[in-house]
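Summary of the model geometry
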Amino acid sequence: MTSGSVVSRPRRVVVVGHGIAGLTAADTLRAEGFDGELTIVGDEPRPAYSRPALSKALLRDIDDLASHTLPPSDHGAVELLGVRATALDVGRRRVVLDDGETLPYDGLVVASGCRPRRLGAEAATGTGPGTGAGRRDDALALRNLDDALALRERIASRPSVLVIGGGPLGMEIASGCLDAGCDTTLMSLGPPLLDQLGRWLSDLLVDAARARGLRILPADAPRPPADLVVTAVGDVPNDAWLGSSGLLGGGRLVVDSRGRVRQDVVAAGDVAAFPSTDGPRRTPLWTSAIEQARVAAAALLRGDDAVPYRARPYFWTEQFGLSVKAAGVMPAAGDPVVVDGTGDACLVQWPGAAAAVNYRIPVPRLRRLCETAVA
Ligand SMILES: Cc1cc2nc3c(=O)[nH]c(=O)nc-3n(C[C@H](O)[C@H](O)[C@H](O)COP(=O)(O)OP(=O)(O)OC[C@H]3O[C@@H](n4cnc5c(N)ncnc54)[C@H](O)[C@@H]3O)c2cc1C
């Protein structure tokens, strides 16, 4: 990255990505006093919406799409929606678009997010461990509103469903399929949610899932027949359009602690690998995208005077009648201490992390724990 703290304030900023990171960056630029030309490019041809809702309320609520749209913004940017950035020329400071136009900039925010990882070639034949439908094309994945609408339409007729992937997204999809009345099986590499949340929360949510009727199989088990296969096996960053720009280091978009790739280019959200104690890494979470975007936009205007990003991991999930909100270092090791418990909620704590668990349907393990706390 170009060093030095003297930054010439940009007059034309282009934001690529119309998700929460891109929109937060645009709002922050205005809040920081940027009054120049602002253009947002987004390849989804619709107003921005809440992505986390896709695997939660949206799988359940049939009619109410509007309530998931993000509130209108007053950043006053030109929004080019349904338009994709296809290349970046950092020397001439131009973003190339798929409609043949080029957008000049003197400040660029890269916020193009990520897309679902697809199972490999073995999925096409259904021969590999834990692979999905007979043909790869049959498997759905969930990343955008169209995916969610397609999934909702498919599960409305109550097909048998195989979900591949035992992370938070796979478990939420399985929960939505069960709610819709589908016979649902989930295949997971190791216990679901163990890697993300640790043993205690994993056990709790798996108990709740089994009680609701979820069948859980190891990823190397023979693949059960299913009418519908949904994969949730991770994601890959949308950085192909940066391929010839020279900005990808080791195939990744690595930024500094202020989100800078270079002085005139910043990045935030799911696409960007920020410094961490384990080296540069992406943190594909909603609140991380917001916090990174604030830092990156400020750095575009103020350089080294901007406050660096400090990770404050926060995560939530809703599944199988439980809602979990967790802050701090996850996965959490060992059993937590119960800080507080009521009839339908429990607050637990580990060294370095805490979680609030609310439940519509109590799980025996949780009830025992909360009752102990209340007593
Ligand atoms: C179903 C689902 C549920 C989730 N649930 C949770 C949750 O409960 N809690 C949580 O913390 N996080 C959750 N997440 C993760 C969270 O939604 C993401 O971390 C967050 O949306 C990232 O925001 P972003 O702006 O970086 O990327 P995105 O939201 O992906 O936005 C990037 C936008 O840029 C567009 N784009 C990509 N390439 C280009 C291009 N070349 N040109 C123009 N536009 C482009 C994309 O289409 C997209 O519209 C969930 C994600 C999904 C998919």
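Keep in mind that what you see is a predicted model, and the values were worked out from it rather than measured.

**Section: the packing of aromatic side chains**
In total, this model carries three aromatic pairs according to the counting rule given. The interplanar angle of 70 degrees and the centroid separation of 6.0 Å between the aromatic rings of W200 and W350 together place this pair among those described as edge-to-face. Here W200, found in helix α7 (residues 199-212), pairs with W350, found in strand β20 (residues 345-350); they are 150 residues apart in sequence, far enough to count as distant. Exposure class is identical for W200 and W350. Each is buried.

**Let's talk about the site of the ligand**
The ligand sits among 34 residues. The nearest are D43, E44, R51, K56 and R143. The contact in question runs from an oxygen atom of the ligand to an N or O atom on the backbone of I20, over 3.3 Å. Between the ligand and A85 there is a distance of 2.9 Å, counted from a nitrogen atom to a backbone nitrogen or oxygen. Relative to its unbound accessible surface of 1,000 Å², the ligand loses 94% to contact with the protein. At the level of secondary structure, the elements contributing two or more residues to the shell around the ligand comprise α1 (20-31), β2 (37-42) and α8 (286-302). Per-class residue counts for the shell around the ligand are 18 nonpolar, nine polar and seven charged. Viewed by domain, the shell around the ligand spans two of them, domain 1 (12-116 + 235-305) and domain 2 (118-233), each represented by three or more residues.

**Some words on the pattern of salt bridges**
Applying the stated criterion across every chain yields a total of 19 salt bridges. In this structure, the salt-bridge partner of R282 is D235, at a minimum N-O distance of 2.7 Å. Of the two residues, R282 sits in the loop between β16 (265-267) and α8 while D235 sits in strand β14 (residues 235-237), which places them 47 residues apart along the sequence. Judged by relative accessible area, which is 22%, R282 ranks as partly exposed. Among the charged side chains, a network of salt bridges with common partners joins E44, R46, R51 and D146.

**Examining the sheet that holds β20**
With respect to topology, five strands assemble into an open sheet ordered β17-β18-β21-β20-β19, the strand pairing being antiparallel. Of all the strands in the sheet, just β17 (314-319) and β19 (337-341) have a single pairing partner and so form its edges. Within this sheet the neighbouring strands show an average axis-to-axis angle of 15 degrees, counted without direction. Relative to β20, β19 runs antiparallel, the two being bridged by four bridges. Across the sheet, the residue bridging to V337 is Q349, located in β20.

Procedures and definitions
Residues numbered from 1 in each chain as written. Predicted model: local features only at pLDDT ≥ 70, side-chain atom pairs only at ≥ 80, totals over all residues. Heavy atoms only, no water. Phe/Tyr/Trp six-rings, centres within 6.5 Å; stacked < 30°, edge-to-face > 60°. Helix = DSSP H or I, 4+ residues; strand = E, 2+ residues; numbered from the N terminus. Buried < 20%, exposed > 50% of the residue type's maximum accessible area, 1.4 Å probe, protein only. Near = heavy atom within 4 Å. Polar contact = N/O pair within 3.5 Å; in protein donor to acceptor, adjacent residues only side chain to side chain. Areas by Shrake-Rupley, 256 points an atom, 1.4 Å probe, with all protein chains shown as cover. Nonpolar A, V, L, I, M, F, W, Y, C, P; charged D, E, K, R; others polar. Domains from an automatic or database assignment. Salt bridge = Lys/Arg side-chain N within 4 Å of Asp/Glu carboxyl O. Pairing = 2+ DSSP bridges. Axes fitted to C-alpha atoms, helices over the stretch in contact; angles between N-to-C directions.

Take it as geometry only, folks, not as evidence of what the structure does.
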